[in-house]
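Secondary and tertiary structure notes
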Amino acid sequence: MKTDLAMAVVVLFLGTTGWGQPVLVHVDTAVVSNGKMVTNLTRNDFQVFDDDNVQSVIRFAGEEQPVDVLLVFHASSGMLPTIQAFADAAHDGLQELHSGDRVAIMVFDAKDRVVLPFTGDLGAVERTLKNDMLNLPSSGQTTALAAASKAAGFLLGQSNDGRRRSVLHVFSMGVGIFQGSEEKRTERYWEADTVYNGMVVHALFGQGLGGLSSLSPALTILKNTLTATVEDTGGELFSARDARFFRDALHHIRCRYSLWYERPMRGRFGLQATIAVELAKDTKKRYPKSKVHARSGYLLQR
């Protein structure tokens, strides 16, 4: 036990593994300007800060890196119009994904269920959305925040072979709101190296997705409650406004960058470190209205 403890101290204190190898920190990053993804950037277009200290990006990947997308829905009668809208948009939306990408589908009510494990068969994803999802029985209600936490737990149990990982959590009317700690939920996503995205859908029976231009008070509260997890994991909060909503969300998830840097050696103990990603000075001039989405920290003891 003393040897294991000493090794853990070396990892935490020096920023290396027990074998002296540097620990790489992965930052899944998106750049959005005027609502559109900024693509074709290179590692030289970014600046990364760890606890306010600039770091060298030693590895970089763009759209060539495969991605896993976990779709999260709630099984309730109020969500049926939303699920139907996703089923209708599935074929078009899934065209945004590349060969090697995978999708899984989770459903939550009183318990969580993996309706479709991760698969690269996008035809199976489409069939599941169109056939299986609309006929799922509901065994009670869960809250959106509990579902977000459980989705992170599911990904923690999945092996990661170099893929980027994103959750697209879909919520609408009839979904409960309050439960769980925002801080603990964010830490689970950091540990799972996963971006959390939310999609707000205000679907009304008989009116489809365009029924109202504004959100109901309950959905507004839910949106505001989830914003911290979205921002701290580097995700985005989408709104379903037209028939392209699913394709647009997958486009944003797909057109991201991976930055890796060596975790700095530290002369202090602590639970977490902060991360900040900015565009380089000349790149900022090219995209003055851009916003960078990247996680805000990581756990030092991991």
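Refer to the structure above for everything that follows.
Residues numbered from 1 in each chain as written. Predicted model: local features only at pLDDT ≥ 70, side-chain atom pairs only at ≥ 80, totals over all residues. Heavy atoms only, no water.

1. Brief notes about the packing of helix α2 (residues 80-93) against helix α7 (residues 245-254)
Test applied: In this analysis, axes come from line fits to C-alpha atoms, helices being fitted only over the stretch in contact, and the angle between any two N-to-C directions falls in the range 0 to 180 degrees. Numbering of helices and strands runs from the N terminus, with a helix taken as a DSSP run of H or I at least four residues long and a strand as a DSSP run of E at least two residues long. Any angle between 65 and 115 degrees counts as roughly perpendicular, while under 35 counts as roughly parallel, over 145 as roughly antiparallel, and the rest as oblique. In this scheme the crossing of two helices becomes right-handed for a clockwise turn of the near helix relative to the far one and left-handed for an anticlockwise turn of less than a right angle. When checking whether two residues touch, look at their non-hydrogen atoms; a contact exists if any pair is within 4.5 Å. Nonpolar residues are Ala, Val, Leu, Ile, Met, Phe, Trp, Tyr, Cys and Pro. Charged residues are Asp, Glu, Lys and Arg, and all others, Gly as well, are polar.
Two elements in contact, α2 and α7, have axes whose closest approach is 8 Å; the angle formed by their N-to-C orientations is 55°. One way to sum up the angle between α2 and α7 is to call them oblique. Where α2 crosses over α7, the two elements pack in a sense that is right-handed. Contacts from A85, F86, A89, A90, D92 and G93 of α2 reach α7 at F245, F246, R247 and L250. Across the contact of α2 with α7, the residue classes break down as 7 nonpolar, 1 polar and 2 charged.

2. A short note on the packing of aromatic side chains
Using the following cut-off: Only Phe, Tyr and Trp rings are paired, with Trp represented by its six-membered ring, and only when their centres lie within 6.5 Å; those with planes under 30 degrees apart are stacked, over 60 edge-to-face, the remainder tilted. With a 1.4 Å probe rolled over the protein chains alone, any residue whose accessible area is under 20% of its type maximum counts as buried; one over 50% counts as exposed, and the rest are partly exposed.
This model, assessed by the stated rule, comprises 8 aromatic pairs. Relative to Y196, the ring of Y189 has its centre 5.2 Å away and its plane inclined at 55°; by these criteria the two rings are tilted. Assigned by exposure class, Y189 and Y196 land together as buried. Each member of the aromatic cluster is reached from another via a ring pair, and the members are F73, F86, F245 and F246.

3. Here we look at the nonpolar core
Applied cut-off: In plain words, nonpolar cores are sets of buried Ala, Val, Leu, Ile, Met, Phe, Trp, Tyr and Cys residues tied together by side-chain atoms within 4.5 Å.
By size, the foremost hydrophobic cluster in this structure holds 31 residues, and its most contacted members are F73, L168, M199 and F246. The contact partners of L168, leaving out residues within four places of it in the chain, are L70, L71, V72, N197, M199, F238, F246, A249 and I253. Among the nonpolar cores identified, the runner-up in size contains 21 residues, and F118, L155, Y189 and A192 belong to it.

4. Focus: the sheet that holds strand β10 (residues 195-200)
Sheets are built from strands that pair by backbone hydrogen bonding, the pairs being arranged parallel or antiparallel. Put simply, the rule is: DSSP bridges decide pairing: two strands pair if at least two such bridges lie between them.
If you trace the 6 strands from one edge of the open sheet to the other, you get β8-β7-β6-β9-β10-β11, paired in mixed fashion. Of all strands in the sheet, those with a lone pairing partner are β8 (112-119) and β11 (237-239), marking the two edges. Averaged over all pairs of adjacent strands, the angle between their axes in this sheet comes to 20°, without regard to strand direction. Pairing between strand β7 (residues 102-108) and β8: 5 bridges, direction antiparallel. When the sheet's bridge partners are listed, V103 is paired in β8 with T119. Contacts from α7 reach β6 (67-74), β9 (164-171), β10 and β11 within the one sheet, and its direction differs from that of β9 by about 155°.

5. Things to note about the pattern of salt bridges
Filter applied, for reference: For salt bridges, the criterion is a side-chain nitrogen of Lys or Arg within 4 Å of an Asp or Glu carboxyl oxygen.
Inspection of the entire model under this criterion finds 13 salt bridges. In this structure, D248 and R244 form a salt bridge, with 3.3 Å as the shortest nitrogen-oxygen distance. By relative accessible area, which is 31% here, D248 ends up partly exposed. Connected through salt bridges with shared partners, the residues D68, R102, D161 and R163 form a single ionic network.

6. Looking at the sheet that holds strand β4 (residues 53-55)
With antiparallel pairing, 4 strands are arranged side by side in an open sheet as β4-β3-β13-β15. What marks the edges here is a single partner per strand, and that holds for β4 and β15 (297-299). Across the sheet, the mean angle from the axis of one strand to that of its neighbour is 30°, orientation sign disregarded. Both strand β3 (residues 46-50) and β4 contribute to a ladder of 3 bridges, which runs antiparallel. If you follow F49 over to β4, its bridge partner there is V54.

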